[in-house]
Amino acid sequence: MMGNLEAALYPIVANINNYLSSYVLVVMLVAVGLWYSVKTRFVQVRCFGEGMKKVFGNLSLKGGRQESGMSSFQALATAIAAQVGTGNIVGASGAILTGGPGAIFWMWVIAFFGMATIYAEATLAQKTRVIRDGHIYGGPVYYITTAFKGRLGRFLAGFFAVATILALGFMGSMVQSNSIGSTFETAFGMPSWIMGVALVVICGFIFLGGEQRLASVCEKLVPVMAGIFLLGGVVVLAVRIQYIPATIGMIFKYAFQPQAIIGGTFGAAIKSAVSQGAKRGLFSNEAGM
């Protein structure tokens, strides 16, 4: 029964996903990112130095409670925690596998414009937040209902809330935990379900402690995680340093001539490279959530 249902639903879901990710997602990500880049006079370049000073000016690994909310570094660490790792390793390699080396170029493009989208989202969240009983409430649901009044705003906000709960609470977590479990099973022979149980226990302990515990754990764990991630990348680059110039050349060459490596017509190949880069760009920086 379940097998028949899956066989019937999978082609429908796959076709919808292909259409959204190959056309709608690419256009929306680039267009919205470009719009906010122009409107903010390319804030991702113009204010990059100021942003780094604001973030790392109060760098601390003590994990103490803030007077309200998170410190700038805690907020950065919490955001990076979801982006450094599986999304970059599995996502980037998957994009290269299906979209060719040129997909990396389009990931860079999406990420660059996505910086302006993320900035706009954060600014809107601050502008539309409300304080009730000493607690701060804000985010997409609040600026959606501010922009769209009446039933339309309530519908869009409700849809976003439900979709985000499903995406981040279930689907996104499945991708992360499956990758971790599969890696441990392949590398150490540990059954993947054991890692699944361990992740549930660890994450449950952190999440049940609320925002302060999450921020405290992230600001300690993320610098170490990011350091190992970057160090590993540097080691790989150092070992294969003779291939770096050719690799960079391939990224730019096959971003605009992908049919030579993917096959098929130019239009189909470029669509594959761009869509794969866009999908992985979204997954690795979350600008289009």
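Only a predicted model underlies this, so the values are computations on that prediction, with no experimental measurement involved.

### Quick word on the overall build of the protein chain
And step 1. Regarding its fold elements, the protein chain presents 13 helices and 2 strands.
And step 2. The buried share among the 289 residues of the protein chain stands at 27%.
And step 3. Counting only contacts in the protein chain whose residues sit at least 6 apart along the sequence, the fraction spanning at least 24 positions is 62%.
And step 4. Working note: accessible area of the protein chain is about 18700 Å², and carbon and sulfur atoms make up 71% of it.

### Description of the packing of helix α6 (residues 102–128) against helix α11 (residues 244–256)
And step 1. Two elements in contact, α6 and α11, have axes whose closest approach is 6 Å; the angle formed by their N-to-C orientations is 85 degrees. Between α6 and α11, the angle is such that the two are roughly perpendicular. Between α6 and α11, the residues in contact are Gly 102, Ile 104, Phe 105, Trp 106 and Trp 108 and Ile 251, Phe 252, Tyr 254, Ala 255 and Phe 256, respectively.
And step 2. When its residues are assigned to classes, the contact of α6 with α11 shows 9 nonpolar, 1 polar and no charged.

### With respect to unusual backbone geometry
And step 1. With a phi close to 55 degrees, Arg 41 is a non-glycine residue in the positive phi region.
And step 2. Structurally, the position occupied by Arg 41 is in the loop between α1 (2–39) and α2 (43–46).

### Some details on the side chain of Thr 40
And step 1. Relative to the assigned elements, Thr 40 resides in the loop between α1 and α2.
And step 2. Judged by relative accessible area, Thr 40 falls into the buried class, the value being 15%.
And step 3. Within polar-contact distance, the side chain of Thr 40 engages the backbone nitrogen of Val 43 at 3.4 Å.
And step 4. For Thr 40, the contacting residues outside a window of four places in its chain are Arg 46 and Tyr 119.

### Some details on the nonpolar core
And step 1. Of all hydrophobic cores here, the largest spans 14 residues; its most connected members are Ile 104, Phe 105, Trp 106 and Val 109.
And step 2. Listed by contribution, the elements that provide at least two residues to this core are α5 (86–99), α6, α11 and α13 (266–285).
And step 3. Ranked by residue count, the leading element in this core is α6, at 7 residues.

### As for the environment of Ala 95
And step 1. Within the secondary structure, Ala 95 sits in helix α5.
And step 2. Along the primary structure Ala 95 and Ala 273 are separated by 178 residues, whereas in three dimensions their C-alpha atoms are 7.8 Å apart.

### Focus on the side chain of Thr 128
And step 1. Position of Thr 128 relative to the elements: it lies in helix α6.
And step 2. Look past the residues within four positions of Thr 128 in its chain and what remains in contact with it is Gly 139, Tyr 142, Tyr 143 and Thr 146.

### Structural notes on the confidence of the model for the protein chain
And step 1. Averaged over all residues, the pLDDT of the protein chain equals 80, while 78% of them reach at least 70.
And step 2. Averaged pLDDT values for the elements of the protein chain fall to 61 in helix α12 (residues 259–262) and rise to 92 in α2.

Procedures and definitions
- Residues numbered from 1 in each chain as written.
- Predicted model: local features only at pLDDT ≥ 70, side-chain atom pairs only at ≥ 80, totals over all residues.
- Heavy atoms only, no water.
- Helix = DSSP H or I, 4+ residues; strand = E, 2+ residues; numbered from the N terminus.
- Buried < 20%, exposed > 50% of the residue type's maximum accessible area, 1.4 Å probe, protein only.
- Contact = heavy atoms within 4.5 Å.
- Areas by Shrake-Rupley, 256 points an atom, 1.4 Å probe, with all protein chains shown as cover.
- Axes fitted to C-alpha atoms, helices over the stretch in contact; angles between N-to-C directions.
- Parallel < 35°, antiparallel > 145°, perpendicular 65-115°, else oblique.
- Nonpolar A, V, L, I, M, F, W, Y, C, P; charged D, E, K, R; others polar.
- Polar contact = N/O pair within 3.5 Å; in protein donor to acceptor, adjacent residues only side chain to side chain.
- Core = buried A, V, L, I, M, F, W, Y, C linked by side-chain atoms within 4.5 Å.
- pLDDT = per-residue confidence, 0-100.

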